[in-house]
Amino acid sequence: MNFDYSGEQQMLLDSVLRYGLDNWSADKRLACLKDLPSNVTKSWAEMADLGWLMLSIPEEEGGLGGTPVDVMALMEGIGRHLIPVPYVTSCVLVPALLSGTGETATEILEGIGLGNIRAAAGFLESEGGFDLNYVGLSAELSDNRWLLSGEKVHVEDGGDADWYVVSARTAGSIMDSDGISLFLISANSPGLKVENFRAVDGHTHSRLRLDNVNATLVGEKDQALMRIESAVDRAITAHVAEAVASMEMANAVTLDYLGTRRQFGVSIGSFQVLQHRAVDMAIAAEEARSMMLHATLNLNADPVTRKRAVSAAKTRVGQTGLYVAKQAVQLHGGVGTCDELIISHHLKRQMMLDTAYGQADYHRTRFANVS
Amino acid sequence: MNLEFTNEELAFQEEVRSFFAEVVPKEWLTRVRAGLRLEPKELIAYQKALAERGWGAPNWPKEFGGTGWGPTQIYIFESEATRAGAPIQFHQGLELIGPIIFTYGSDEQKKRFLPGIINADDWWCQGYSEPGAGSDLASLKTTAAKDGDEYVLNGQKMWTSYAHVASHMFVLARTSNEEKRQQGISLLLVDMKTPGIQVKPIDTMDEKHHTNEVFLDDVRVPVNNLVGEEGRGWGYGKVLLDRERMVSAANAIHIQQVIDGARAAAERLIAGVPLYKTPTFSSKFAQLEIEATALKTMVLRLMADAAAGVDSGPRGSMVKLRWSELYQSAMGLWLEALGPEAAHFRGLENTQAPSDMPYAMQGALYSRVTSIYGGSSEIQRNIIARRALGL
Ligand SMILES: Cc1cc2nc3c(=O)[nH]c(=O)nc-3n(C[C@H](O)[C@H](O)[C@H](O)COP(=O)(O)OP(=O)(O)OC[C@H]3O[C@@H](n4cnc5c(N)ncnc54)[C@H](O)[C@@H]3O)c2cc1C
């Protein structure tokens, strides 16, 4: 048993931390947020130069073939400094969906790794909640071409994507596990309407409306669900690492504040009730870190083990993450709610990480029902 | 002991109900349900409509222009307001400074300021907190130095909500340095147009402008605007503490609006079934309603105390605490009901976000403030421990 990063992994983490501190630290963040799209673009290009975007892409497809632990190390840096780049979507989720599915996919993966292409993936449909098998978007074969019609209600980080990977129904009916296939569509395809939304954490998401959009089938027809679930579990686990690092940062900042803020002639950290709160926050972070390791180290296990591990981590890290962030705001008092301090940004990100791919209720149910 | 209304009270209920049916526009509903304040001009219009009907100050005695209502009528009034989707009246004039003025103010002050509060010609903001004086308000540093028939104010106020809208501000400032920090603090009424006042917005996480920093630089206030006696301002806050139970009570009654908001959001279908009918959601929702029932009954007991003119002990603090917790969890449930679309805060390039956005998210974020302001939850617990439990 060993929970240490290798020398290389530690170096990766250190360099992401340094990058975050230099570019997205609390004192620079507000200015960055004023022109978010161009600052994200700038960071994206710099991350490409550093080789980070190709981390989890297989070597055969132009990447570094990084492991889940490598990704975890990188995500810790992103979470600690709340770097609002679409990394998990474009560089973890999409590679897991596309790798090994053929030439078109390889080209896109190479582009992602070099920072020339951004891609996102759409699974969720209205009325489907977070169910990945709830797929009604239709795919019809006509003249040897796949034409897609329907709607994806939420595409995580879809805002600036050049390509979308979407699930579509090629057989069976709306909630069947079989009969789901994956397709690639270009963002500027005729018949595709992309509606963008800004989230409170600076990420940009989309809703897609498709009307006979030309698409390329990727992977095996009708049997994509397993691949989708596995890829989403990787995305969730990367998010979990981001959440844990954000919790730890929020705790560190709060602890510092407890020592410096004075009321009633003493530092507020001398109030026992706040000490106990800080202890509970530290326990929450410790629990979350353990869950992060549990999920990450089971990511390549058999599907049942993996799903239970990931859903367990998603549930518990969602809960503890929200707890920590809310208490961090609370212990800061009024300033905790203002933009100027980093604390409120951690809360907003935790709320969004908790939402992405389903909250505790959803994952508790999945945990209980996996077989 | 009973929970029934008399025939007279029932008739009053009808009267209030039909009034609200007329004055509350539908566009307010989602914001009101999310616990967000309406725009100042909307709140002013609402207050003016109430004032016209003679109901501008439900909690004030008749002699000062109030309704003189007893607790049952106030309860009916707030419950009907809640039902109709009406907002809570802006409280800083009505519940905070108004009662202090009619209790401790000069006749001249009563004549000048009370009508403006009721008919919304004036808007009051509260200049108490400072960067270094939050929970520990008595450590405030703003000074008011007497110079002839004026006080000269210097210092910085923080978190002054709606200072950007206000015509007036009531300020706590130090007029002398005494051994006991609570002494030597005076309460002054300041016209916001006075030279030397600078208001700077504070950007908050909910992306809604409600609060400000206020810089006071040689601001000259006529001595006539001192409330009560010099150096006794701290004690006047005690009225507030007592009045604040009414603010808490009104908030707590309005909690049903937040619950209704979450319920409406949960009408979204999941595989053809409304979300609120799914087992996990309905059970969480029931929990919320159960807690809201307890809160509502706590409020009734609080109001009965007020009717009997007895001290509520810690009940006001308890209601405030539980109200803020319930508001926060109800907003959490509302966001959960939005599912993945909770991430669609604002539509870009003319895209339409879900109909309850951005308000649901703003409400969820804003709700965090309610366990911080007006005496944080930690401070409320300290008060209960000390005053009620004798610890
Ligand atoms: C949106 C908003 C609007 C506001 N509007 C107004 C307004 O209009 N006018 C106005 O005057 N003020 C206003 N306030 C100020 C508000 O009343 C203060 O924020 C509040 O009193 C807390 O003070 P603080 O923010 O300085 O926090 P602090 O007092 O610094 O508290 C920080 C943390 O320490 C805890 N703490 C402090 N003392 C103790 C103790 N003895 N024991 C245990 N824990 C303790 C607190 O609970 C909190 O968790 C507003 C605040 C906000 C956020």
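What counts, and at which threshold
- Residues numbered from 1 in each chain as written.
- Chains lettered and ligands numbered in written order.
- Predicted model: local features only at pLDDT ≥ 70, side-chain atom pairs only at ≥ 80, totals over all residues.
- Heavy atoms only, no water.
- UniProt positions renumbered as here; feature names shortened; annotations may be inferred.
- Contact = heavy atoms within 4.5 Å.
- Buried area = accessible area lost by both parts, 1.4 Å probe.
- Salt bridge = Lys/Arg side-chain N within 4 Å of Asp/Glu carboxyl O.
- Polar contact = N/O pair within 3.5 Å; in protein donor to acceptor, adjacent residues only side chain to side chain.
- Helix = DSSP H or I, 4+ residues; strand = E, 2+ residues; numbered from the N terminus.
- Domains from an automatic or database assignment.
- Near = heavy atom within 4 Å.
- Areas by Shrake-Rupley, 256 points an atom, 1.4 Å probe, with all protein chains shown as cover.
- Nonpolar A, V, L, I, M, F, W, Y, C, P; charged D, E, K, R; others polar.

In the annotation of an unreviewed UniProt entry, chain B is listed under the name Acyl-CoA dehydrogenase and assigned to Pseudomaricurvus hydrocarbonicus. In its Sequence similarities (unreviewed entry) section, UniProt records this for chain B: "Belongs to the acyl-CoA dehydrogenase family." The annotation that UniProt attaches to chain B under Cofactor (unreviewed entry) is "FAD".

As annotated in an unreviewed UniProt entry, chain A carries the name Acyl-CoA dehydrogenase and comes from Pseudomaricurvus hydrocarbonicus. Note on chain A: under the UniProt heading Sequence similarities (unreviewed entry), the record states "Belongs to the acyl-CoA dehydrogenase family." We quote the UniProt Cofactor (unreviewed entry) comment for chain A here in full: "FAD".

Draft legend 1. Examining the interface of chain A and chain B more closely. At the junction of the two partners, chain A supplies 44 residues and chain B supplies 46 residues. The contact between chain A and chain B buries some 3,700 Å² in all, and 60% of this surface belongs to carbon and sulfur atoms. Broken down residue by residue, the surface that chain A buries against chain B is led by Glu127, Arg198 and Gln330 of chain A, which jointly contribute 18%. If you look at where chain A meets chain B, you find four salt bridges. When the shortest N-O distance is used, the salt bridge between Glu341 of chain B and Arg207 of chain A registers 3.8 Å. If you look at where chain A meets chain B, you find 21 residue pairs in polar contact (both at pLDDT 80 or more). Contributions of two or more residues to the side of chain A that touches chain B are made by β3 (145-155), β6 (192-198), β7 (204-218), β8 (262-263), α8 (272-297), α9 (303-332) and α10 (343-355) of chain A. Ranked by residues supplied to the side of chain A that touches chain B, first place goes to α10 of chain A with six residues.

Draft legend 2. Representation of the domain arrangement of chain B in the model. Residues and elements named next belong to chain B. With domains assigned, chain B is organised as domain 1 (7-101), domain 2 (124-231) and domain 3 (235-389). Here domain 2 and domain 3 have C-alpha centroids that lie 30 Å from each other. Facing 11 residues of domain 2, the contacting portion of domain 3 comprises 10 residues. Carbon and sulfur atoms make up 63% of the surface buried where domain 2 meets domain 3, a total of about 820 Å² over both sides. Of all residues in domain 2, Met205, Asp206 and Glu207 bury the most surface against domain 3, accounting for 53% of the area lost on that side. Connecting domain 2 to domain 3 are one salt bridge. Here Arg346 makes a salt bridge to Glu207, at a shortest N to O gap of 3.5 Å. Between domain 2 and domain 3 we count four residue pairs in polar contact (both at pLDDT 80 or more) in total.

Draft legend 3. Spotlight on the site of the ligand. Looking at the ligand, there are 28 residues lining it, with Arg261 and Gln330 of chain A together with Ser135, Trp159 and Ser376 of chain B nearest. A distance of 2.7 Å separates a nitrogen atom of the ligand from a polar side-chain atom of Ser161 of chain B. Between the ligand and the protein, one listed contact pairs an oxygen atom with a side-chain N or O atom of Ser376 of chain B at 2.6 Å. Relative to its unbound accessible surface of 970 Å², the ligand loses 94% to contact with the protein. Within the residue set of the shell around the ligand, elements represented by two or more residues are α8 and α9 of chain A together with α11 (377-388) of chain B. Per-element tally for the shell around the ligand: the top contributor is α11 of chain B, with three residues. Of the residues belonging to the shell around the ligand, the class tally is 12 nonpolar, 14 polar and two charged.

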